[in-house]
Amino acid sequence: MTTYSLDFWTRRSNELKPEGLAFVDGRFVPSLSGRTYENRNPATNSAINHIADCDDSDVDLAVAAARRAFEAGVWSRRSPTERKRILLRVADLIERDLETIALLESMDMGKPVQVAHDYELPDLVEFVRWFAESADKLYDEIAPAAPGNLAMIRREPIGVVAAVVPWNFPLDMAVWKCIPALATGNSIILKPAEQSPLTALHLAKLMSEAGVPDGVFNVLTGYGPSVGQPLGLHMDVDCLAFTGSTEVGKKFMGFSAQSNMKLVWLECGGKSPNLIFEDTADLDAAAELAARVHYNQGEICSSPTRLIVQNSIKDAFIEKVMAHSRAYAPGNPLDPKTLMGAMVDAEHCSRVMSFIERGRQEANLVLGGNRISIGASSNFIEPTIFDCVTQKHSIARDEIFGPVLSVLSFDTEEEAVAMANDTIYGLMASVFTSNLSRAHRMSEVLRAGTVAVNTVDLISPLVPFGGMRQSGNGRDNSLHAFEKYTQLKTTWIKF
Ligand code: NAD
């Protein structure tokens, strides 16, 4: 990967003219009301552009276009191999535009551009390729019916799928929903978070260029209550795939019940435990991984935010985690050396700071804790660590979604498991140990969609990703993701 200079990224960001119109039926269009909202770069506080502020009338238009395209069969009845070819072209185009996309993500939500460019986006291209390649490898079934009967079980696309996604990994979250749904023949309406619409709009351009027919992929920009809610309540949306907070996820279940019983798939919040046992072979490596809680400004649903350490090694281990955490000192996201950028916006920054203030009352602050200014923006927060946290404290229970690590401690394995499972969430859990039996025991008893042993937060297109309990339902990634965007049809033939 090429490491570019700060000058290079700054010049490129000044040259960019990002799209701000919505994308409906193959064209970039203003909102029907003509309203827009200002999109700001959280790292500089300056305006990037104006974005179409859509509402329920735009939703009606986009759903009608998606339905027309679905019924016409221009995509839904194309052969899976043709859909695969077009989606592989989308992957190639994302790869071609890697620099632009990395910059758009960084300007929109504050993440370090070089990190997005070197790691996140190349990974994303592989996700797109994996889903695309799967399009013509999903076989149907024939049931073992009695002689003279043929019972076929086919997977059909559901129809019109709406994807409502958050701002922390804007393009990843969009791709995780849209590409498997497209691969199986559905039409899509993507609603990016209001804070981060730019890469969704760029993706619309690439979809067209790759040959996805008009109406099959639409992007509606705007706010949750004015675009997300009408999508959730729409009588002609068949499936709603959501990634975001647990609070909003619950609303979508209600919208479905109030409307047409559309399928609702939820990937929601987390408060993931990271258990460190005294028998861990490489405590330095474990500490480096524990400090990754600050990666992406701590704005990660599956981040290991509760560090649960055995008392016998706790003090020495915290020292190591602190040393690694200092590498995440906030900086200009366009500087290739920066590992931690700006929080997504001032409002979220204040919310994280209010948790830090509560943490100061509840526990011992051992690192960071301050909001800082860089240039004209004060949307930066130091990597922060609290020691002597207990499960009663809000910083151990609530999802903060910022660079804040809460350290708890235990003596016995039973105590550690009880603490780890004492949460409304169940997205991810990590365990560090060199005892093989304990590793297997933990993977059985920890209540999480993914358990990672001697690593944290591994994500790959090859395996399902998703949560138990109030972290959600259904799974993104792997062949299981296709279950969300297809429905079973049985056909009996008597002969
Ligand atoms: P959010 O729930 O506020 O918003 C997510 C999306 O929902 C946005 O597009 C938003 O506009 C829309 N929305 C907001 N209010 C709405 C309403 N009343 N009706 C309909 N739509 C509405 O979440 P966020 O702040 O964008 O992202 C942070 C949250 O996302 C965290 O809780 C995090 O854990 C979660 N998240 C989960 C995963 C996962 O895979 N489990 C991944 C990333 C983020």
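Residues numbered from 1 in each chain as written. Predicted model: local features only at pLDDT ≥ 70, side-chain atom pairs only at ≥ 80, totals over all residues. Heavy atoms only, no water.

S.K.: What is the right way to look at the pattern of salt bridges in this model?
M.R.: Should their charged atoms come close, side chains of opposite charge can pair. Taken as a whole, this structure holds 31 salt bridges when the rule is applied. As a salt-bridge pair, Asp92 and Arg129 come within 3.0 Å of each other at their nearest N and O atoms. Within this pair, whereas Asp92 is found in helix α3 (residues 80-96), its partner Arg129 is found in helix α5 (residues 113-134), the two being separated by 37 residues in sequence. Residues Arg397 and Asp422 are paired through a salt bridge, measuring 3.2 Å at the closest nitrogen-oxygen approach. Within this pair, whereas Arg397 is found in helix α13 (residues 394-397), its partner Asp422 is found in the loop between α14 (413-421) and β19 (428-432), the two being separated by 25 residues in sequence. Arg397 gets classed as partly exposed once you look at its relative accessible area, which sits at 35%. One salt-bridge network, held together by shared partners, links Arg67, Glu71, Asp236 and Asp238. (Salt bridge = Lys/Arg side-chain N within 4 Å of Asp/Glu carboxyl O. Helix = DSSP H or I, 4+ residues; strand = E, 2+ residues; numbered from the N terminus. Buried < 20%, exposed > 50% of the residue type's maximum accessible area, 1.4 Å probe, protein only.)

S.K.: Would you mind going over the site of the ligand with me for this structure?
M.R.: Taken together, 29 residues sit near the ligand, with Val165, Glu194, Ser245, Cys268 and Glu399 positioned nearest. Here Glu194 contributes a side-chain N or O atom positioned 2.7 Å from an oxygen atom of the ligand. Expressed as a share of its isolated accessible area of 840 Å², the protein-covered part of the ligand is 90%. Contributing elements (two or more residues each) for the shell around the ligand: α8 (224-233), β10 (239-243) and α9 (246-258). Looking at which element gives the most residues to the shell around the ligand, the answer is α9, with four residues. The residue makeup of the shell around the ligand, split by class, is 16 nonpolar, eight polar and five charged. Taken domain by domain, the shell around the ligand gets at least three of its residues from each of domain 1 (7-268) and domain 2 (273-462). (Near = heavy atom within 4 Å. Polar contact = N/O pair within 3.5 Å; in protein donor to acceptor, adjacent residues only side chain to side chain. Areas by Shrake-Rupley, 256 points an atom, 1.4 Å probe, with all protein chains shown as cover. Nonpolar A, V, L, I, M, F, W, Y, C, P; charged D, E, K, R; others polar. Domains from an automatic or database assignment.)

S.K.: Got a minute to help me understand the side chain of Asp172 in this structure?
M.R.: Topologically, Asp172 is positioned in helix α6 (residues 170-183). Residues within four places of Asp172 in sequence aside, it is in contact with Glu120 and Leu124. (Contact = heavy atoms within 4.5 Å.)

S.K.: Can you walk me through the sheet that holds strand β5 (residues 141-143) in this structure?
M.R.: The pairing of strands in a sheet happens through backbone hydrogen bonds and is either parallel or antiparallel. Ordered by their spatial adjacency, three strands build an open sheet running β5-β6-β21, and the pairing between neighbours is antiparallel. In this open sheet, the two strands that pair with only one neighbour each are β5 and β21 (486-494). Averaged over all neighbouring strand pairs, the angle between strand axes comes to 25 degrees, with direction disregarded. (Pairing = 2+ DSSP bridges. Axes fitted to C-alpha atoms, helices over the stretch in contact; angles between N-to-C directions.)

S.K.: Looking at this structure, I do not really get the packing of aromatic side chains. What am I missing?
M.R.: Remark: the centre distance and the inter-plane angle together describe each pair of aromatic rings, the angle taken between the planes. Counting across every chain of the model gives 14 aromatic pairs. For the pair Phe23 and Phe28, a centre-to-centre distance of 4.8 Å together with 55 degrees between the ring planes defines the contact as tilted. Look at Phe28 and you get partly exposed, because its relative accessible area is 23%. Among the aromatic residues, those joined into a cluster by ring pairs are Phe127, Trp130, Phe131, Trp176, Phe465 and Phe482. Residue placement shows Lys205 over the ring face of Phe28; its charged tip is 6.0 Å from the ring centre. (Phe/Tyr/Trp six-rings, centres within 6.5 Å; stacked < 30°, edge-to-face > 60°. Lys NZ or Arg CZ within 6 Å of the ring centre and 35° of its normal.)

S.K.: What is the right way to read the sheet that holds strand β18 (residues 404-410) from this model?
M.R.: Strand order in the open sheet formed by seven strands is β14-β17-β18-β13-β12-β19-β20, with mixed pairing between adjacent strands. At either margin of the open sheet sits one strand with a lone partner, and together these are β14 (364-367) and β20 (450-453). Mean inter-strand twist for the sheet, computed between neighbouring axes without regard to direction, equals 25 degrees. Strand direction decides the pairing type here: strand β12 (residues 273-276) and β19, joined by three bridges, are parallel. Following the sheet pairing, Ile276 is matched in β19 by Phe432.

S.K.: What is the right way to read the side chain of Asp97 from this model?
M.R.: Tracing the backbone shows Asp97 in the loop between α3 and α4 (98-109). Residue classification places Asp97 among the buried positions, given a relative accessible area of 12%. One polar contact links Asp97 to Arg96, side chain to side chain, over a distance of 2.9 Å. Setting aside anything within four residues of it in sequence, one finds Asp97 in contact with His202 and Leu206.

S.K.: Looking at this structure, how should I read the packing of α3 against α5?
M.R.: When two helices pack together, you describe them by how their axes are tilted relative to each other and by the distance separating the axes. Remark: α3 packs on α5, axes separated minimally by 8 Å, with the N-to-C direction vectors making an angle of 175 degrees. If you check the angle between α3 and α5, you find them roughly antiparallel. Between α3 and α5, the residues in contact are Lys84, Leu87, Leu88, Ala91, Asp92, Ile94 and Glu95 and Leu124, Val125, Val128, Arg129, Ala132 and Glu133, respectively. Broken down by class, the residue content of the contact of α3 with α5 amounts to eight nonpolar, no polar and five charged. (Parallel < 35°, antiparallel > 145°, perpendicular 65-115°, else oblique.)

S.K.: Just checking my understanding: could you explain the nonpolar core for this structure?
M.R.: Inside soluble globular proteins, nonpolar side chains tend to come together where they are buried. Among the nonpolar cores identified, the biggest contains 77 residues, and Ile94, Leu190 and Phe217 are the most heavily contacted of them. Looking at this core, the element that brings in the most residues is α6, giving ten residues. Two domains each donate at least three residues to this core, and these are domain 1 (7-268) and domain 2 (273-462). Other than its neighbours up to four places away in sequence, Leu190 contacts Ala163, Val165, Ala174, Cys178, Ala200, Phe217, Asn218, Val219 and Leu220. Judged by nonpolar contacts, the second largest core, of 28 residues, contains Ile308, Met343, Met353 and Met442. (Core = buried A, V, L, I, M, F, W, Y, C linked by side-chain atoms within 4.5 Å.)

S.K.: When you look at the domain arrangement of the protein chain in this model, what are you seeing that I'm missing?
M.R.: Size of an interface, as often reported, equals the accessible area lost when the parts are brought together. Per the domain assignment, the segments of the protein chain are domain 1 (7-268) and domain 2 (273-462). Each of domain 1 and domain 2 was reduced to a C-alpha centroid, and the two centroids are 30 Å apart. Listed by partner, the interface residues are 26 residues for domain 1 and 30 residues for domain 2. Counting each side, the surface lost to burial between domain 1 and domain 2 is near 2300 Å², with a carbon and sulfur contribution of 63%. Looking only at domain 1, the three residues that lose the most surface to domain 2 are Pro42, Pro112 and Trp167, adding up to 21% of its buried area. (Buried area = accessible area lost by both parts, 1.4 Å probe.)

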